[in-house]
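Residue strings, one per chain:
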Amino acid sequence: MTDPATVNSPGFIDLHAHLREPGFEEAETIATGARAAIGGGFTTICAMPNTEPAIDSPGLVAELLSRAAAAGGARVLAIATITRGRRGKELADLVELAAAGAVAFSDDGAPVEDPRLFRHALEYARTLGLLVIEHPQDLALSAKGVMHEGAVSARLGLPGMPAAAEETAVARDLALARLAGGRLHLTHLSTAGSVELVRRAKAEGIAVSCDVTPHHLAMTDTWVAGSRAFAWEDPHKIPSAPPYESSTKVNPPLRTLADVRALWEGLADGTIDAIATDHAPHASVRKDVEYDQAAFGISGLETALPLVLGGVRAGWASLEVVLGALTTGPARVLGIELPSGDRLVVEPDHEWTVTAEGLISKGKNTPLLGRTLQGRVRDVAIGRARMEKKGAGLGAEAIAGR
Ligand code: DOR
């Protein structure tokens, strides 16, 4: 019998997760990240290549995939760098990287600053049918900013990153996509202006897709000042935290309520293709320091679902839209079939409290510690067949319960 308090869903696909191995295993490993993913309902995750060394050679792609296969947990897909060493000077061997199994290319953590090089990356992507994922940020404009530039940063006396630092980069990337063709995916969009630029580009027929994170859908820059009210909540009713908590420091930064509303509108009208976590675990030595010294990033795999369900409860988008942005949306971006063996049972109303001990991820860096959230994934079935490009289906072989 079906339990009316549960919802069945395909397994979630995360286009953007940082697994930190090799190089930063104190923050996360492939094994802990892949298990945390299952905890959050993500049966497939794409590992970002900003490791040390960066994933810029076929050998490193192969090593990542074999470690992931041995680790169990979520299916891990490899994203390789666009440029050698993520240094932004010369293209990596994209053809060889794709042959080794990379599903997409990104220098995430930073943009490809040189527009000519980025044009070439898009031209390769066009001829080879590959996906380029860009982190849109004008580094000169964002400079030493540590949060969104606006009234809150002025009050706190923190250097800001203006919305224009993202929007000028999005405009550049779209202009280059128009010029070069190729599949451009813009990740972690955070401003109303960015969403509008992508909306217009799609209407024009440019082959662009984009994603947004759960934290940018749920939190505003007032969280840096201590607010802990979700965007849909009355801030007067939610107890505050101290200001300057580095767990709120993330790149792109948490933006204004108007930006959050525009992201939801973009989700609801299909401008935004996917919800991706930008799971960015960090060791406490990199986070428990002064705000301006702290690393950027929020550990997000295990809290993604309850955050976005909050917006559904507020009526900002339907459950169907949100689940689509976690499943069919990212599958379409990657050009893959949904793995048919990956199934979830979701309990949208289940309440649970986020604690450091309760998180499977080694990354405890989230401003949600101590917070009671609504919604979790109860059962996860994950198919173990290889991920195939469109046309193939996968069979279920393993069931993991919680
Ligand atoms: O907050 C972030 N953390 N944004 C990024 O672009 C990179 C990421 C990381 O690797 O820690």
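Residues numbered from 1 in each chain as written. Predicted model: local features only at pLDDT ≥ 70, side-chain atom pairs only at ≥ 80, totals over all residues. Heavy atoms only, no water.

**With respect to the site of the ligand**
For step 1, the next point in the chain: Close contacts around the ligand come from 14 residues, with Arg 20, Asn 50, His 135, Asn 251 and His 282 the closest.
For step 2, the next point in the chain: At 2.9 Å from an oxygen atom of the ligand is found a side-chain nitrogen or oxygen belonging to Asn 50.
For step 3, the next point in the chain: In isolation the ligand exposes 290 Å². Once the protein is present, 93% of that is buried.
For step 4, the next point in the chain: For the shell around the ligand, the class distribution of residues is three nonpolar, eight polar and three charged. (Near = heavy atom within 4 Å. Polar contact = N/O pair within 3.5 Å; in protein donor to acceptor, adjacent residues only side chain to side chain. Areas by Shrake-Rupley, 256 points an atom, 1.4 Å probe, with all protein chains shown as cover. Nonpolar A, V, L, I, M, F, W, Y, C, P; charged D, E, K, R; others polar.)

**So, the environment of Leu 174**
For step 1, the next point in the chain: Among the secondary structure elements, Leu 174 is positioned in helix H7 (residues 163-180).
For step 2, the next point in the chain: For Leu 174, a relative accessible area of 5% corresponds to the buried category.
For step 3, the next point in the chain: In this structure the C-alpha to C-alpha distance between Leu 174 and Lys 202, which are 28 residues apart in sequence, comes to 9.8 Å.
For step 4, the next point in the chain: When neighbours within four sequence positions are excluded, Leu 174 is seen to be in contact with Leu 184, Leu 186, Leu 197, Val 198, Ala 201, Ile 206 and Val 208. (Helix = DSSP H or I, 4+ residues; strand = E, 2+ residues; numbered from the N terminus. Buried < 20%, exposed > 50% of the residue type's maximum accessible area, 1.4 Å probe, protein only. Contact = heavy atoms within 4.5 Å.)

**Quick look at the confidence of the model for the protein chain**
For step 1, the next point in the chain: Taken over all residues, the pLDDT of the protein chain has a mean of 94, while the share at 70 or more is 95%.
For step 2, the next point in the chain: Counted against residues more than four places away or in other chains, residues 391-402, with its pLDDT under 50, gives 34 contacts. (pLDDT = per-residue confidence, 0-100.)

**Thoughts on the packing of aromatic side chains**
For step 1, the next point in the chain: Counted according to the given criterion, the structure contains six aromatic pairs.
For step 2, the next point in the chain: Geometrically, the ring pair formed by Phe 12 and Phe 42 is edge-to-face, given 5.5 Å between the ring centres and 65° between the ring planes. One end of the pair, Phe 12, is in strand S2 (residues 12-17); the other, Phe 42, is in strand S3 (residues 42-47), with 30 residues separating them in the sequence. This pair shows no difference in class: Phe 12 is buried, exactly as Phe 42 is.
For step 3, the next point in the chain: In this structure an aromatic cluster arises from ring pairing among Trp 223, Phe 230, Trp 232, Trp 264 and Trp 316.
For step 4, the next point in the chain: The lysine or arginine in question, Lys 249, covers the ring of Phe 296, its NZ or CZ lying 4.6 Å from the ring centre.
For step 5, the next point in the chain: For Arg 261, the ring lying beneath its charged end belongs to Trp 316, and the centroid distance is 4.0 Å. (Phe/Tyr/Trp six-rings, centres within 6.5 Å; stacked < 30°, edge-to-face > 60°. Lys NZ or Arg CZ within 6 Å of the ring centre and 35° of its normal.)

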